[in-house]
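Here is how the chains run, residue by residue.
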Amino acid sequence: MATLLHVQNLGKAFGAQTLFSGVSFGIEPGERVGLIGPNGSGKSTLLKILCGLESPDTGNLTLQKGLKLGYLAQSNQFEETASLYANLEAAGAGLNLNEAELHARIHTLLSRAEFADPSLQVSVLSGGQRKRLALCRTLLPAPDLLVLDEPTNHLDIAGMIWLEQLLTANWPDSPQAFILVSHDRRFLENTVNRVIELASVYPEGSFSVSGSYADFVDKRRDYLEARKLLEERLANAMRRETEWLRRGPKARTSKAKYRIDAAERLQQDLDEVHAKNRALGQAGIRFDGTERKTKKLLEARQLAKSFGERRIFSGLDLLLKPGMKLGLAGNNGCGKSTLMRILAASGESSPELAPDSGEIRLAEGIRIVSFDQKREQLDTSVTLRRALAPEGDSVTYQNRSVHVAAWAKRFLFRGDQLESPVSRLSGGEQARILLARLMLRPADILLLDEPTNDLDIVSLNVLEESLAEFPGALVLVTHDRFLLDRLCTQILGFDGRGNTAYFADCGQWLDWLAASAEPKGGREKPVQKKLAETGKKSGKLSYMEQREYDQMEEKIATAEAEYESLQKEMAEPAIMANAARLAECWQKQQELATEIERLYQRWDELETKKG
């Protein structure tokens, strides 16, 4: 089996900072590679080197002859005033496809990305929809190797599940392999069959394991244990050599030079192993609780909130106690952040945001600390030292003064970074600054809205452990399913249509969401539920209108069945390879969607008239 891509001893540095060195690996057909590593280790730079967008300082890159690469960057630019179709059409202008082939490929990709209207203007898309469109553009040339930099950014849980299915499905034009950067552990577990960690702590510059992410975690643990044993053996050997060097030569006039040289080499090896083992340390994130013993910190009853005619939630009861870990699960725009802002403002005399109805009761003197997903703006012109300790060279943590150098070390910052401007730090490193500030504020209730954004896996693990030890109540919003299931004792799930319910884990919420999901085409409710709600009662309808009303269920059911049949037909390899038939199916499906919408609208009109 021919290797698609191979790198040997790659190295890259920016000024005095070495990102990585000595990195070697190959990618074979069928491999789904997850590239992980600490913030600032050079993952994005390595992907750019693979795609020829940057050059390595050292080492070699070899590509299979004729290999087509598809690269998805973290941020993507579009023609904002143009349609989805027009943006993809412009991207496909140089692909040597005839008009029918390009048309079919564009509509196939938009269908996979669940875009119902190709004429939709890009400027109205959400962040997650823009990511889906960017993926469509990346897949348009049918690349052999897909290179994805943080593809889960801006995707909610539904979007992540969609992406997992896209990457693991066997489409006729699927890439032969892919390599992606992600910090989402559940996403990695569900998609990759090989994990490469890029970190300077490894002697070879990286650590590779074939298998799932869980397999990687096991092998990495074994590796770290072996490194600790190696350090212990070297330390014991060094002690013996030191004792020998200190003893007198007795009958000899001098100690053997080879033993002295060997002791010096042993000390060098010990220093190197010790330094790398210490570099594998973790961030010291610890949230400060007030140790309040009150049983009820916050109690909310029958909360409701709407924006215009759109109901966000209603009839919501909530009780927060010390030690409780509540996760809020829902897709983008369902109301999670709105609820968080209402809870954060509940202790203010003039709250920024209040519920439309219901009441919130707080324990006396309650302290609520909030971390908003929009986050406070960091002054990127100041140094790391000043960002961590604005008022001097120390901070006060748990009533103790901590020097800024020690405080920085808790968050995996090196001493030589203290005088670096914040603008030179990665997104994950800037996120750790904000968490460092948050730690200094004792809390009874901790409200964290998307705290995992930009954090690497090492920081995510420590954040999880620290939140588990937090003695107060935690309310957490995150799309990280792994963190939700591992940390939270209860899940409050949103369905995006104003309904909420409590669940034991994220899987139960997803099952509930699937059971109550909207049918395709954006229709409000399936025929069966509509009929159950309305019944078939006679009212103020004419004879012909009553007859039309009685036949409406059958007409909609027939049209929906044909719509679903076309959807299945378009997914068949033979149809996907036939550009003319694929375009015909797609056009018919769009006509059906329009007709189904008209039928539902007419049904509502008859219902209103009927009373």
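Since the structure is predicted, the reported quantities are computational estimates derived from the model, not experimental observations. (Residues numbered from 1 in each chain as written. Predicted model: local features only at pLDDT ≥ 70, side-chain atom pairs only at ≥ 80, totals over all residues. Heavy atoms only, no water.)

### A few points about the overall build of the protein
Then, number 1: In terms of regular secondary structure, the protein is built from 19 helices and 20 strands.
Then, number 2: In the protein, which comprises 611 residues, the proportion classed as buried is 46%.
Then, number 3: In the structure as shown, the protein presents an accessible area of about 29800 Å², 48% of it carried by carbon and sulfur atoms. (Helix = DSSP H or I, 4+ residues; strand = E, 2+ residues; numbered from the N terminus. Buried < 20%, exposed > 50% of the residue type's maximum accessible area, 1.4 Å probe, protein only. Areas by Shrake-Rupley, 256 points an atom, 1.4 Å probe, with all protein chains shown as cover.)

### Section: the packing of helix α2 (residues 84–91) against helix α3 (residues 99–112)
The description of two helices packed together rests on the angle between their axes and the distance between the axes.
Then, number 1: Put simply, α2 and α3 touch, their axes get as near as 10 Å, and they point 130° apart. By the angle between their directions, the pair α2 and α3 is classed as oblique. Crossing angle aside, the handedness with which α2 passes α3 is right-handed. Along its contact with α2, which presents Leu84, Tyr85, Leu88 and Glu89, the element α3 presents Leu102, His103, Ile106, His107 and Leu110.
Then, number 2: Tallied by class, the residues present in the contact of α2 with α3 amount to six nonpolar, two polar and one charged. (Axes fitted to C-alpha atoms, helices over the stretch in contact; angles between N-to-C directions. Parallel < 35°, antiparallel > 145°, perpendicular 65-115°, else oblique. Left-handed = near helix turned anticlockwise from the far one by under 90°. Contact = heavy atoms within 4.5 Å. Nonpolar A, V, L, I, M, F, W, Y, C, P; charged D, E, K, R; others polar.)

### Re the environment of Thr168
Then, number 1: Checked against the element boundaries, Thr168 lands in helix α5 (residues 157–168).
Then, number 2: In this structure, the C-alpha to C-alpha distance between Thr168 and Thr191, residues 23 residues apart in sequence, is 6.3 Å.
Then, number 3: Setting aside chain neighbours within four positions, we find Thr168 in contact with Arg32, Asn190 and Thr191.

### A short note on the sheet that holds strand β4 (residues 58–63)
Then, number 1: Ordered in space as β2-β1-β4, the three strands form an open sheet in which the pairing is antiparallel. Edge positions in the open sheet fall to β2 (17–27) and β4, since each of these has one partner strand only. With direction set aside, neighbouring strand axes in the sheet form an average angle of 20°.
Then, number 2: Where strand β1 (residues 5–14) and β2 come together, seven bridges link them in antiparallel fashion. Bridge pairing links His6 to Gly26 in β2. (Pairing = 2+ DSSP bridges.)

### Considerations on helix α13 (residues 457–469)
Then, number 1: If you check α13, its first and last C-alpha atoms are 19 Å apart, about what 13 residues at 1.5 Å a residue would give, namely 18 Å.
Then, number 2: Turning to α13, its buried residues are Ile457, Val458, Ser459, Leu460, Val462, Leu463, Glu464, Ser466 and Leu467. (Expected span 1.5 Å × (residues − 1).)

### A word on the sheet that holds strand β17 (residues 445–449)
Then, number 1: With mixed pairing, six strands are arranged side by side in an open sheet as β14-β17-β18-β12-β19-β20. Each end of this open sheet is capped by a strand with a single partner; those strands are β14 (368–371) and β20 (500–503). Taken pair by pair, the neighbouring strands of this sheet meet at an average axis angle of 15°, ignoring direction.
Then, number 2: Looking at chain direction, β14 and β17 are connected through four bridges and run parallel. Across the sheet, Val369 pairs through a bridge with Leu446, a residue of β17.
Then, number 3: Across the sheet, helix α9 (residues 336–345) touches β12 (325–329), β14, β17, β18 (473–477) and β19 (490–494), and the angle it forms with β17 is around 150°.

### Notes on the pairing of strand β15 (residues 394–397)
A regular strand carries its side chains on alternate faces of the sheet.
Then, number 1: Residue alternation in β15 divides its side chains into a buried set, Val395 and Tyr397, and an unburied set, Ser394 and Thr396.
Then, number 2: Where β15 lies against strand β16 (residues 400–403), four bridges are found, and the strand directions are antiparallel. Looking across to β16, one finds that Tyr397 is bridged to Arg400.
Then, number 3: Between β15 and β16, which pair antiparallel in sequence order, lie two residues; one of them, Gln398, sits at a positive phi of approximately 50°.

### Considerations on the confidence of the model for the protein
Then, number 1: The predicted model of the protein has a mean per-residue pLDDT of 82, with 83% of residues at 70 or higher.
Then, number 2: When the criterion is pLDDT under 50, residues 518–538 qualifies, and its contacts beyond four places in sequence or with other chains add up to 41 contacts. (pLDDT = per-residue confidence, 0-100.)

### So, helix α15 (residues 506–515)
Every α-helical turn comprises 3.6 residues, leaving residues that sit three or four positions apart pointing alike.
Then, number 1: Every buried residue belonging to α15 is among Cys506, Trp509 and Leu513, and all of these are buried. For α15, the buried positions fall inside an angular range of 60° around the axis, keeping them on one side. The exposed residues of α15 that point more than 90 degrees off its buried face are Asp511, Ala514 and Ala515.
Then, number 2: Looking at the buried side of α15, the elements it contacts are α5, β12, α14 (481–487), β19 and β20.
Then, number 3: Taking the backbone nitrogen of Gly507 as reference, a side-chain oxygen 3.2 Å away marks Asp505 as the first, capping residue of α15. (Arc of directions from axis to C-beta. Polar contact = N/O pair within 3.5 Å; in protein donor to acceptor, adjacent residues only side chain to side chain.)

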